[in-house]
Amino acid sequence: MTNLESPPTRQVIPARPADFLVFLAIAFGGAWLAAIPLWSALPNAPGSALQTTLAGMQLSPALGVLAVWLLRRDNARAWARDTGLTFGGRPGRALGVTALTWLAVPVAVAVTIAISAAAGLFPVDLAGLSGYRQVFPGATHAFAATGLAIAIVVYPVLYAIGAFGEEWGWRGWLLPRLMPLGRTKALLLSGVIWGVWHAPLTLAGYHYPGLGWWGVPLFTAACVATGSVLGLLRLRTASVWPAVIGHAAINGTMPALYLVASDARHPADPVLGGVFGVVGWLVFGAIALLLARSSPGRSTAGMAATRPAVRR
C-alpha cells in the first residue's frame, strides 16, 4: 500500500564509533566547561553561577548533535526526522502524547510526594504552608494555588528551551543509535549516560547536598527511571517533543509542588523521598513499565528500522 506520509523516522539507526566519541566528548566536555562558574564560586556559589552552569550544560548535548551532523554531512531533512525534530509519521498522535505528558507529569510528581509523605520521607504542611511562606510570607492558600497553576501551565513552556538542548541529544540522537542493543538495554544505557553527565551539578551538591560522590550513582538511578519514561515517549511517537515537554514539566513543576507541600520545620529526605529519591525511582520506573507493556514487541508505530540514510 502506498504511504502518502513523509518518510518515517527510523527506530534503529546504526552509528559509527566516531559519532559516539564526538557526541559524548562535546556533551560531557561542554558540561564540565559550563560548570566552571559554579565550581569556582563554591561553597557559596550565587544563583547566577548556577543559572549560567545550567544553561551551558543543557546546551552541550545539542551542540554534540550538531557536531556529528557537520562531520557526517547527512541530508538536513532526513537528519531532522531521524533525530525526532518532526512529529513523526502520525503528527496528531505525537501532539496528543505531548499534551497528555504536559498534564500527566505534575500528577506523577504529586503522587511521588504523596507516597513519600505517607512513608514519612517527605513531611508536608499543606494546612500551614510553612515551607511556602518562607519564600512568600503571608501567602494565602488561594495565592499558592494560583502560583501552582501557573507553574503547571506556563513553566513547561519556559523550561522547554533548556530541556530541548538535552533531549535532542539524549533521546533525539543517542537513544535511536543505541537501539541495536535492544530497547531495554538502550533505555538503561542512555539513562546511565544521562545521569553521569549530570556529575558537575551532583558533585557540587545540587541534587543531594553533602553526599559528594555518592550522589552520582543515586542521581543516575533517578535518570534511568525518568529517562526510560521520556525515551519510551520518544520511541512511541517518533518525535522528541513529548520528551522535551515531559522533561520541562519535571524541571518546572517539581520545585513548585515541593514548595507548596513542604514543611519548613522538617525538610524532606532527598535520597529516599521525592522524584530524585528511591520513591521517585519506583514511581517513574512503574510508569516506564506500563508504557513498555502497552506496546510489547515494538517501540513506536510507523518507524522503519532499515531505511538507508539519505546523504547529500
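Sequence positions are assigned chain by chain, starting from 1 and proceeding in written order. In keeping with the predicted nature of the model, local features appear solely for residues at pLDDT of at least 70, side-chain atom pairs appear and are counted solely at 80 or more, and the whole-chain, interface and lining totals rest on all residues. Heavy atoms from the whole structure form the basis of all side-chain values; hydrogens and water molecules are not counted.

**Comments concerning the overall build of the chain**
Link 1 in the chain: Per the convention used, a helix needs a DSSP run of H or I reaching at least four residues, while a strand needs a run of E reaching at least two, with both numbered from the N terminus. When you go through the chain residue by residue, the secondary structure sums to 13 helices and 0 strands.
Link 2 in the chain: Helices and strands appear in the chain in the N-to-C order α-α-α-α-α-α-α-α-α-α-α-α-α.
Link 3 in the chain: Here the C-alpha atoms of the chain give a radius of gyration of 20 Å, agreeing with the 20 Å that 2.2 N^0.38 yields for 312 residues.
Link 4 in the chain: Throughout this description, buried means an accessible area under 20% of the type-specific maximum (1.4 Å probe, protein chains only), exposed means over 50%, and partly exposed covers the range between. The burial tally for the chain puts 49% of its 312 residues in the buried class.
Link 5 in the chain: Pairs at least 24 apart in sequence give 80% of the contacts found in the chain among residues at least 6 apart.
Link 6 in the chain: Of the roughly 14300 Å² of accessible surface on the chain, 72% is carried by carbon and sulfur atoms.
Link 7 in the chain: Note on charges: Lys and Arg go in the positive column, Asp and Glu in the negative column, and His and the chain ends are not counted at all. In plain terms, the charge of a residue is placed at NZ if it is Lys, CZ if Arg, CG if Asp and CD if Glu. A gap of 12 Å separates the mean positions of the 21 positive and 9 negative side-chain charges of the chain. C-alpha atoms define the radius of gyration in this analysis, and the globule rule sets the expected value at 2.2 Å times the number of residues to the power 0.38. By definition, residues are in contact when any of their heavy atoms lie within 4.5 Å. Areas reported here follow the Shrake-Rupley algorithm with a probe of radius 1.4 Å; residue values treat only the protein chains shown as occluding.

**What about the environment of leucine 38?**
Link 1 in the chain: For leucine 38, the location among the structural elements is in helix α2 (residues 36-40).
Link 2 in the chain: The exposure class assigned to leucine 38 is buried, which follows from its relative accessible area of 5%.
Link 3 in the chain: Measuring from C-alpha to C-alpha, the distance between leucine 38 and alanine 204 comes to 8.0 Å, with 166 residues separating the pair along the chain.
Link 4 in the chain: Not counting the four nearest positions on each side in its chain, leucine 38 is found in contact with Ala45, Ala49, Leu50, Thr53, Pro200, Leu201 and Ala204.

**Observations regarding the pattern of salt bridges**
Link 1 in the chain: For this analysis, a salt bridge means a side-chain nitrogen from Lys or Arg found within 4 Å of a carboxyl oxygen belonging to Asp or Glu. In this structure the tally under the stated criterion is 5 salt bridges.
Link 2 in the chain: Between arginine 72 and aspartate 74 there is a salt bridge whose closest N-O contact spans 3.1 Å.
Link 3 in the chain: Exposure remark for arginine 72: the relative accessible area of 16% places this residue in the buried category.
Link 4 in the chain: Of the residues examined, aspartate 74 reaches a relative accessible area of 6% and is grouped as buried.
Link 5 in the chain: Taken together, the salt bridges that share partners define one network made up of Arg16, Asp19, Arg72 and Asp74.

**Regarding helix α3 (residues 47-72)**
Link 1 in the chain: Multiplying 1.5 Å by the residue count of a helix minus one yields the expected span of that helix. Taking 1.5 Å of rise per residue, the 26 residues of α3 would be expected to cover 38 Å, and the 39 Å separating its terminal C-alpha atoms lies within 8% of that figure.
Link 2 in the chain: A maximum bend of about 30 degrees is found in α3 at serine 60, where proline proline 61 lies one to four positions downstream.
Link 3 in the chain: Arginine 73, located one to two residues past α3, shows a positive phi value of around 55 degrees. Two axes are fitted around each residue, one to the seven residues ending there and one to the seven starting there, and the angle between them is reported as the bend at that residue.

**A few points about the packing of helix α1 (residues 17-34) against α3**
To describe two helices that pack against each other, one gives the angle between their axes and the distance between the axes.
Link 1 in the chain: Simply put, an axis is a line fit to the C-alpha atoms, just over the touching stretch for a helix, and the angle between two N-to-C directions goes from 0 to 180 degrees. Running from N to C, α1 and α3 cross one another at 155 degrees; their axes reach a closest spacing of 8 Å. The orientation of α1 relative to α3 falls into the category roughly antiparallel. The chirality of how α1 crosses α3 is right-handed. Taking contact as the criterion, the partners of Asp19, Val22, Phe23, Ile26, Ala27, Gly30, Ala31 and Ala34 in α1 are, on α3, Thr53, Gly56, Met57, Ser60, Pro61, Leu63, Gly64, Val65, Ala67, Val68, Leu71 and Arg72.
Link 2 in the chain: Here the term charged refers only to Asp, Glu, Lys and Arg, the term nonpolar to Ala, Val, Leu, Ile, Met, Phe, Trp, Tyr, Cys and Pro, and the term polar to all other amino acids, Gly among them. By residue class, the composition of the contact of α1 with α3 is 13 nonpolar, 5 polar and 2 charged. Oblique is the label for every angle not falling under 35 degrees (roughly parallel), over 145 degrees (roughly antiparallel), or within 65 to 115 degrees (roughly perpendicular). Take the far helix as the reference: if the near one is turned anticlockwise from it by less than a right angle, the crossing is left-handed, and if turned clockwise, right-handed.

**Considerations on helix α13 (residues 278-293)**
Since one α-helical turn is 3.6 residues long, residues separated by three or four positions face the same way.
Link 1 in the chain: Taking 1.5 Å of rise per residue, 16 residues should cover 22 Å, and α13 covers 22 Å from first to last C-alpha, within 8% of that figure.
Link 2 in the chain: For α13, the complete set of buried residues consists of Val279, Gly280, Val283, Phe284, Ala288, Leu291 and Ala292.
Link 3 in the chain: The inward-facing, buried residues of α13 contact α5 (91-118), α9 (183-197), α11 (215-237) and α12 (241-261).

**Topic: the side chain of aspartate 263**
Link 1 in the chain: Inspection of the secondary structure assignment puts aspartate 263 in the loop between α12 and α13.
Link 2 in the chain: Polar contacts, as counted here, are pairs of nitrogen or oxygen atoms within 3.5 Å of one another; within protein the pair requires one atom able to donate a hydrogen and one able to accept it, and residues that are adjacent in sequence qualify only if both atoms are side-chain atoms. A distance of 3.4 Å separates a polar atom in the side chain of aspartate 263 from a polar atom in the side chain of serine 130.
Link 3 in the chain: If sequence neighbours within four positions are ignored, aspartate 263 has contacts with Pro123, Val124, Asp125, Ser130 and Gly131.

**Observations regarding the packing of α11 against α12**
Link 1 in the chain: Their axes nearest at 8 Å, the elements α11 and α12 cross at an angle of 155 degrees. Considering the angle they form, α11 stands roughly antiparallel to α12. Side by side, α11 and α12 meet where Thr226, Leu230, Leu233 and Thr237 of the first sit next to Pro242, Ala243, Gly246, His247 and Ile250 of the second.

**Regarding the packing of aromatic side chains**
Link 1 in the chain: By convention, a stacked pair of Phe, Tyr or Trp rings (six-membered ring in the case of Trp) has centres within 6.5 Å and planes under 30 degrees apart, an edge-to-face pair has planes over 60 apart, and any other such pair is tilted. Under the counting rule described, the total for this entry stands at 15 aromatic pairs.
Link 2 in the chain: Judged by centre distance (5.5 Å) and plane angle (65 degrees), the ring pair of tryptophan 170 and tryptophan 197 falls under edge-to-face. Placement of tryptophan 170 in helix α8 (residues 155-178) and of tryptophan 197 in helix α9 is noted, with a sequence separation of 27 residues between them.
Link 3 in the chain: Among the residues examined, tryptophan 170 registers a relative accessible area of 0% and is labelled buried.
Link 4 in the chain: We classify tryptophan 197 as buried; its relative accessible area is 2%.
Link 5 in the chain: Pairwise contacts between aromatic rings join Phe20, Phe23, Phe28, Trp170, Trp173 and Trp197 into one cluster.
Link 6 in the chain: The side chain of arginine 171 reaches across the aromatic face of tryptophan 194, ending 4.1 Å from its centre.
Link 7 in the chain: Two conditions define a charge located above a ring, namely a distance within 6 Å from the ring centre to NZ of Lys or CZ of Arg, and an angle within 35 degrees of the ring normal. The ring of tryptophan 79 carries arginine 177 above its face, with NZ or CZ at 5.3 Å from the centroid.

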